[in-house]
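# Architecture and fold: a report
What follows is the residue order along each chain.
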Amino acid sequence: VDRSLRHDGGVADAARAATDADPTFALPYAVLALADPESAPAALARAQRLAEARATEFELSAIGFVAPLLQQGMWAAHQAGLDHAAAHPRDLLGVGLAATIVERSTRADVHDAVRAVYEPSHRVLGDHPYLLSMLGFVEQEEGHFVEAGEMARRALDAQPGSVTAAHLLSHVNVETANHDEGLRWLDGFRAGMDPSGDYVHHLGWHAALHTLALGDGPGTLERLRALSGPECDAFRHVVDNGTLLMRCRLCGLVGADDDPTDGRAGAVPGEWLVAMPSMYVGFHAAVGLAVQQRADDLRRLARNASTMAAPGAPDLLAPLATALADYVDGDAGRAAEALEALRPSMVRWGGSRAQREVVEDILIDAAV
């Protein structure tokens, strides 16, 4: 659990070690299911069998949340997550998962709603580095960068290897244009990260934002190529690499038909066009389709969004996909009007200001 909260790798191996130490303990199997998709079906089934046989109320609550989350998706687990977080504020892994679902639920009051999930844990556990980092993330999303930066530094002082805190500080540095110092610090921090950690790639995206802002075009493209290597998974090809390639095009570093990643950046899995996991994934996928100039698939996505279960798909994703299809087709005026109309709702998409900014960059380009 500590490794998972720090995002510093080794979670699945640690969970397996726990199952070896006590094969009758249900929770390590649930953590393994969360950490390793290949092991998830068997591990989750084992956790459920053990929970039925000898679990405490806490274990039953945790597995009652994790099971629908993995088997049916986050929206089926939404209420179970909130109930578990409220009943067990000391379980920071469960609380964090519940808060992530809230953050991606497209609520208009998303910042207050996420804060409300974390604050009971903060009252019980105090300034735990993970809680400082996650509450600080809400602060920086609201534009309170001094407060957020201080929370990140306090978390790093308490836990120097916390990737969660480093992620927060990276956002603060980008938002406050602290690019020279921020890049030096981030590259140094990344050099000490476990390469198996789940945020290694995303912090590489943060570093590339710094080089782009500093006007280092060759350096940015070099980082984009490195991020798009064969070890990158489909999710990161869309969420990180696709949006970075779009920014490179808008800055004139590459032409509209040039792709230094050989078609990997922004490559949207076909199943997402039918069943998008969340609006957070959806807006990144729409940008990815725009990067690959797939206007027909953008219009298909807009049509399919009306029947998707993810919150926000009909009223947020559909008009975004249509606007980006117009942009790809060269109808800049129509695209600009539609994207401008969507701006007030962008905070509901989830993710960060830094991630959503790429859509505003496209709006600027279309308007010009």
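Computed from a predicted model, the values in this text were never measured in an experiment. (Residues numbered from 1 in each chain as written. Predicted model: local features only at pLDDT ≥ 70, side-chain atom pairs only at ≥ 80, totals over all residues. Heavy atoms only, no water.)

This paragraph deals with the overall build of the chain. Check the secondary structure of the chain and you find 20 helices and zero strands. Based on the C-alpha atoms only, the size of the chain along its principal axes is roughly 65 × 45 × 40 Å. For the chain, with 368 residues in total, the buried portion stands at 54%. Intrachain contacts of the chain at a sequence separation of at least 6 include 61% that bridge at least 24 residues. Accessible area of the chain: about 15,400 Å², with a carbon and sulfur share of 52%. For the chain, the centre of its 30 positive side-chain charges and the centre of its 51 negative side-chain charges are spaced 2 Å apart. (Helix = DSSP H or I, 4+ residues; strand = E, 2+ residues; numbered from the N terminus. Buried < 20%, exposed > 50% of the residue type's maximum accessible area, 1.4 Å probe, protein only. Contact = heavy atoms within 4.5 Å. Areas by Shrake-Rupley, 256 points an atom, 1.4 Å probe, with all protein chains shown as cover. Lys, Arg positive; Asp, Glu negative; His and termini not counted. Charge placed at Lys NZ, Arg CZ, Asp CG, Glu CD.)

Take the side chain of Ser-170 next. As for its position among the elements, Ser-170 is in helix α11 (residues 163–175). For Ser-170, a relative accessible area of 1% translates into the label buried. Among all residues touching Ser-170, those that are not within four sequence positions of it are Trp-185, Leu-186, Leu-203 and His-206.

Those residues of helix α17 (residues 295–305) that fall on the buried side of the exposure criterion are Ala-295, Leu-298, Leu-301, Ala-302 and Ala-305. One face of α17 carries all of its buried residues, which in axial projection span an arc of 115°. Counted as exposed and oriented over 90 degrees from the buried face of α17: Asp-296 and Arg-303. Residues of α17 that are buried in the fold lie against α16 (279–291) and α18 (313–328). (Arc of directions from axis to C-beta.)

Turning our attention to the layout of surface pockets. For the second largest pocket, the calculated volume is near 460 Å³. Forming the walls of the second largest pocket are 18 residues, and the residues nearest its centre are Arg-247, Arg-353, Ala-354, Glu-357 and Asp-361. Among the elements that take part in the lining of the second largest pocket, helix α20 (residues 353–367) stands out by supplying six residues, more than any other. When grouped by side-chain class, the residues that make up the lining of the second largest pocket number nine nonpolar, one polar and eight charged. (1 Å grid on protein atoms, 1.4 Å probe; cavity = no way out; pocket = protein on both sides within 12 Å on 5 of 7 lines; lining within 4 Å. Points joined across faces, edges and corners; volume = space filled by probe spheres on them. Nonpolar A, V, L, I, M, F, W, Y, C, P; charged D, E, K, R; others polar.)

Tallied over the entire structure, the rule returns 23 salt bridges. The shortest N-O distance in the salt bridge between Arg-6 and Asp-8 comes to 2.8 Å. Accessibility classification places Arg-6 together with Asp-8 in one group, the buried group. Between Arg-343 and Glu-340 there is a salt bridge, and its shortest N-O distance comes to 3.9 Å. For Glu-340, a relative accessible area of 41% gives the class partly exposed. (Salt bridge = Lys/Arg side-chain N within 4 Å of Asp/Glu carboxyl O.)

Running from N to C, α17 and α18 cross one another at 165°; their axes reach a closest spacing of 8 Å. With respect to their mutual orientation, α17 and α18 come out roughly antiparallel. As α17 runs across α18, the sense of the crossing is left-handed. Contact residues: α17 offers Ala-295, Leu-298, Arg-299, Leu-301, Ala-302 and Ala-305, while α18 offers Ala-313, Pro-314, Leu-317, Ala-318, Ala-321, Thr-322, Leu-324, Ala-325, Asp-326 and Val-328. (Axes fitted to C-alpha atoms, helices over the stretch in contact; angles between N-to-C directions. Parallel < 35°, antiparallel > 145°, perpendicular 65-115°, else oblique. Left-handed = near helix turned anticlockwise from the far one by under 90°.)

Following the sequence through the fold, Asp-365 ends up in helix α20. Assessed through its relative accessible area of 37%, Asp-365 is described here as partly exposed. Along the primary structure Asp-365 and Ala-336 are separated by 29 residues, whereas in three dimensions their C-alpha atoms are 8.4 Å apart. Non-local contacts of Asp-365, meaning those with residues more than four positions away in its chain, are made with Leu-250 and Tyr-327.

Below, the discussion takes up the side chain of Thr-106. Relative to the helices and strands, Thr-106 resides in the loop between α7 (92–103) and α8 (110–125). Judged by its relative accessible area of 7%, Thr-106 falls in the buried class. If we skip the residues at most four places from it in the chain, Thr-106 touches Met-279, Pro-311, Gly-312, Leu-316 and Arg-348.

Scanning the entire structure with this criterion turns up four aromatic pairs. Where Tyr-118 meets Tyr-130, the ring centres are 6.2 Å apart and the plane angle is 70°; that geometry is what we call edge-to-face. On the criterion of sequence distance, the pair formed by Tyr-118 in helix α8 and Tyr-130 in helix α9 (residues 129–141) is long-range, its members being twelve residues apart. When the centroid spacing of 6.2 Å and the interplanar angle of 85° are considered together, the rings of Tyr-280 and Phe-283 count as edge-to-face. Of this pair, Tyr-280 and Phe-283 both sit in helix α16, three residues apart, roughly one helical turn. The two residues Tyr-280 and Phe-283 agree in class, both being buried. Cluster of aromatic residues (ring-pair linked, three or more members): Tyr-280, Phe-283 and Trp-349. (Phe/Tyr/Trp six-rings, centres within 6.5 Å; stacked < 30°, edge-to-face > 60°.)

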